[in-house]
Amino acid sequence: MLSVEEARARILGGLAPTPAEAVALPEGWGRVLARPVIARLTQPPADVSAMDGYAVRAADAVLDARLAVVGSAPAGHPYAGRVGPGQAVRIFTGAFIPQGADAILLQEDAVAADGVVEVREAVRAGRWVRRRGLDFAEGEALIAPGRRLTARDVGLAAAANHPWLMVHRRPRIGILATGDEIALPGDPIPPGGIVSSNAHAIAAMVRAGGGDPLVLPIAPDDREAIAATAAAARACDLLVTTGGASVGDHDLIQTALGQDGFALDFWKIAMRPGKPLIWGRLGTTPVLGLPGNPVSAMVCAVQFLMPALAVLSGEPAAPPPTIQAHAGSALPENDKRFDHLRATLSRDRDGRVVATPFPQQDSSMLKTLARAEALILRAPYAPALPEGAAVEAIPLDRLGL
Ligand SMILES: Nc1nc2c(c(=O)[nH]1)N[C@H]1C(S)=C(S)[C@@H](COP(=O)(O)OP(=O)(O)OC[C@H]3O[C@@H](n4cnc5c(N)ncnc54)[C@H](O)[C@@H]3O)O[C@H]1N2
Ligand code: MOO
């Protein structure tokens, strides 16, 4: 069976970023940049004052000097003349420094009356002057493609005079839940049936990963119905199925999609929960077949769907982020499957992060998943560990989950 790393590499290697689209600046937040943001101007465009005060020649502005105030330069209204020897120009924060001046006398360090300003604190050359280009220069590459834009990036792009941003289109993810036994929340539940939770949880995860979920109608355990519903997702960037992934007589995803030319890449990986993962392609649409057990589906989504969303969105391929923690209880030796233990996070008396697994880890138990704050990672054949031992864990809140 394939390892989790190999499976992720095969999945991510088979995906390409969505095309670029132009969005208005405020829509750029949280989107992944598709083209570099190049400064369209130099910032500041000229030497400007960083303070309210007087533009002076530092050589003149010695202690107790009296300078003639020959004009005023509010921000946006540059003073057209020159500051000559023994002169000063009233200036305000952000205003261009008039010619001849080389420093700012702070308002608090001056006394002004009758067109004259008296220096109460000597000024050195360059004081309170923001040099032209201090922040950035025209033509400078400010934000590189592949970055998920922060509010600060949006501000930087705006300052660089960009009214819009080129970002990758949000990946469209089709979600297909299968099974005769599942009913939508709120609908009548058939005898022997259960409520479908997977499609809703996966749709929320897709949103958390910056994608647009398209929840398809539930398909019964019937080849034709599964194939017909899956066909509706051909325009998606990725089709995610849940259920029907295992070896049961009614586990039909592969055979149903096979009628329409499904090309399997791999099936089954050395992972718990989530062994019967499917990866392949229906025509040009990549298909990720998640197991039906709700926790298996979501843990597979953490390991494979979230990184896939990142790659489709234009971000670099990467595994989910992890943290170092200390085991809150002793951990048994692991078998051949890479394990994920739902765990809570806390801090011990020394402030160290402690990850404590829930005692029961059955892959049907959604309540423990909802209450978990992290997944403790256990490599295949990892030895038994005592309480307090160092462990690696995926923090679920960091993924927005
Ligand atoms: N003989 C074997 N049996 C099973 C194996 C195996 O290797 N040999 N693998 C087990 C593992 S591991 C998993 S995981 C499950 C996965 O099975 P399927 O992907 O085929 O899923 P289903 O059989 O359709 O359903 C499993 C379970 O999940 C519930 N389910 C299904 N869909 C939903 C949904 N949308 N929302 C909530 N719950 C759902 C379903 O009712 C079943 O209880 O197979 C093991 N068996
Ligand atoms: O991997 Mo199946 O992953 O529990 O129950």
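So, how was this worked out
Residues numbered from 1 in each chain as written. Chains lettered and ligands numbered in written order. Predicted model: local features only at pLDDT ≥ 70, side-chain atom pairs only at ≥ 80, totals over all residues. UniProt positions renumbered as here; feature names shortened; annotations may be inferred. Helix = DSSP H or I, 4+ residues; strand = E, 2+ residues; numbered from the N terminus. Buried ≥ 20, exposed ≤ 12 C-beta atoms within 10 Å, placed from the backbone. Pairing = 2+ DSSP bridges. Domains from an automatic or database assignment. Axes fitted to C-alpha atoms, helices over the stretch in contact; angles between N-to-C directions. pLDDT = per-residue confidence, 0-100. Parallel < 35°, antiparallel > 145°, perpendicular 65-115°, else oblique. Left-handed = near helix turned anticlockwise from the far one by under 90°. Contact = placed C-beta atoms within 7 Å. Nonpolar A, V, L, I, M, F, W, Y, C, P; charged D, E, K, R; others polar. Near = placed C-beta within 6 Å. Arc of directions from axis to C-beta. Core = buried A, V, L, I, M, F, W, Y, C linked by C-beta atoms within 7 Å.

By the naming in an unreviewed UniProt entry, the protein chain goes by Molybdopterin molybdenumtransferase and is assigned to Falsiroseomonas stagni DSM 19981. What UniProt states about the protein chain under its Function (unreviewed entry) heading is, verbatim, "Catalyzes the insertion of molybdate into adenylated molybdopterin with the concomitant release of AMP." Reading the Sequence similarities (unreviewed entry) entry of the UniProt record for the protein chain gives the comment "Belongs to the MoeA family."

Student: Would you explain the environment of Arg-272 in this entry?
Tutor: Position of Arg-272 among the secondary structure elements: in strand E19 (residues 271–272). Of the residues examined, Arg-272 has 20 C-beta atoms within 10 Å and is grouped as buried.

Student: What is the right way to read the pairing of strand E17 (residues 238–242) from this model?
Tutor: Both faces of the sheet carry side chains from a regular strand, because those side chains alternate between them. In terms of burial, E17 is a largely internal element, five of the five residues being buried. Burial of E17 is two-sided: the residues Leu-238, Val-240 and Thr-242 facing one way and the residues Leu-239 and Thr-241 facing the other way are all buried. Here strand E13 (residues 172–177) pairs with E17 via five bridges, running parallel. The partner of Leu-176 across the bridge, within E17, is Thr-241.

Student: When you look at the domain arrangement of the protein chain in this model, what are you seeing that I'm missing?
Tutor: Note: interface size is frequently given as the accessible area lost on complex formation between the parts. Domain boundaries in the protein chain define domain 1 (4–17 + 170–313), domain 2 (28–43 + 138–168), domain 3 (48–130) and domain 4 (323–399). Between the C-alpha centres of domain 1 and domain 3 the distance comes to 68 Å.

Student: In this structure, what is going on with the sheet that holds E17? I would like to understand it.
Tutor: Hydrogen bonds between backbone groups are what pair the strands of a sheet, and the pairing can be parallel or antiparallel. Taken in spatial order, the six strands of this open sheet run E16-E13-E17-E21-E20-E18, and their pairing is mixed. Only two strands of the sheet have a single neighbouring strand rather than two, namely strand E16 (212–215) and strand E18 (262–267). The mean angle between the axes of side-by-side strands here comes to 25°, regardless of whether they run parallel or antiparallel. Relative to strand E21 (residues 285–290), E17 runs parallel, the two sharing four bridges.

Student: What's the story with the confidence of the model for the protein chain in this structure? I'm lost.
Tutor: Atom-level detail of predicted coordinates should not be read off regions where pLDDT is low. Counting all residues, the mean pLDDT for the protein chain is 96, and 100% of those residues have values of 70 or more. On the interface metric, ipTM, the complex scores 0.97, and its pTM is 0.91.

Student: Just checking my understanding: could you explain the packing of helix H1 (residues 4–13) against helix H6 (residues 294–313) for this structure?
Tutor: The relative placement of two packed helices comes down to the angle between their axes together with the axis-to-axis distance. The interhelical angle for the contact between H1 and H6, taken along N-to-C directions, is 30°, at an axis separation of 10 Å. Overall, the two elements H1 and H6 adopt an arrangement that is roughly parallel. Relative to H6, the crossing made by H1 is right-handed. Residues Val-4, Ala-7, Arg-8, Ile-11 and Leu-12 of H1 lie in contact with H6, whose contacting residues are Gln-303, Phe-304, Pro-307, Ala-308 and Val-311. Residue classes in the contact of H1 with H6 are distributed as eight nonpolar, one polar and one charged.

Student: Please explain the site of ligand 2 as it appears in this structure.
Tutor: Near ligand 2, the surroundings consist of Arg-272, Pro-273, Gly-274, Lys-275, Pro-291, Asn-293, Ser-296 and Ser-363. Among the residues forming the shell around ligand 2, the class breakdown is two nonpolar, four polar and two charged.

Student: Please clarify how the sheet that holds strand E6 (residues 87–91) should be interpreted in this entry.
Tutor: Pairing is mixed in the open sheet, where six strands are placed in the order E7-E4-E6-E5-E9-E8. What marks the edges here is a single partner per strand, and that holds for strand E7 (103–106) and strand E8 (110–113). Across the sheet, the mean angle from the axis of one strand to that of its neighbour is 40°, orientation sign disregarded. In this structure, strand E5 (residues 66–73) lies alongside E6, joined through five bridges in parallel fashion. Considered in E6, the bridge of Ser-72 is made with Arg-90.

Student: Could you clarify how one ought to interpret the site of ligand 1 in this entry?
Tutor: Ligand 1 sits among 26 residues. The nearest are Asn-198, Gly-243, Ala-245, Ser-246 and Gly-292. Secondary structure elements with two or more residues in the shell around ligand 1: helix H3 (198–208) and H6. When the residues that make up the shell around ligand 1 are grouped by side-chain class, the tally is ten nonpolar, 13 polar and three charged.

Student: Sorry, what's going on with the environment of Gln-99 here?
Tutor: Tracing the backbone through its elements, the reader meets Gln-99 in the loop between E6 and E7. The class for Gln-99 is partly exposed, based on 14 C-beta atoms found within 10 Å. Each C-alpha atom, one on Gln-99 and one on Ala-80, is 8.3 Å from the other, the two residues being 19 residues apart in sequence. In this structure Gln-99 touches Arg-82 and Val-83, once residues within four positions along its chain are discounted.

Student: How do you make sense of helix H4 (residues 223–231) when you look at a structure like this?
Tutor: For H4, every residue scored as buried is listed here: Ile-226, Thr-229 and Ala-230. Projected down its long axis, H4 carries its buried residues within an arc of 100°, all on one side. Looking at the buried positions of H4, the neighbouring elements they touch are E13, E17, helix H5 (253–258) and strand E20 (278–282).

Student: Is there a simple way to explain the nonpolar core in this structure?
Tutor: Counting 68 residues, the largest nonpolar core has Leu-288, Ala-301, Leu-375 and Ala-393 as the members making the most contacts within it. The biggest single contributor to this core is H6, with 14 residues. Lining this core are residues from two domains, each supplying at least three of them: domain 1 (4–17 + 170–313) and domain 4 (323–399). In this structure, Val-56, Leu-67, Tyr-79 and Val-123 belong to the second largest nonpolar core, which totals 25 residues.

Student: Please clarify how unusual backbone geometry should be interpreted in this entry.
Tutor: Across the chain, the bulk of peptide bonds are trans and the bulk of non-glycine residues have phi less than zero. Note that the residue after Gln-43, namely Pro-44, is joined by a cis bond; omega there is -10°. One can find Pro-44 in the loop between strand E2 (37–38) and strand E3 (48–49). The phi dihedral of Asp-114 falls on the positive side, at around 50°, and the residue is not glycine. Positionally, Asp-114 belongs in the loop between E8 and strand E9 (116–119).

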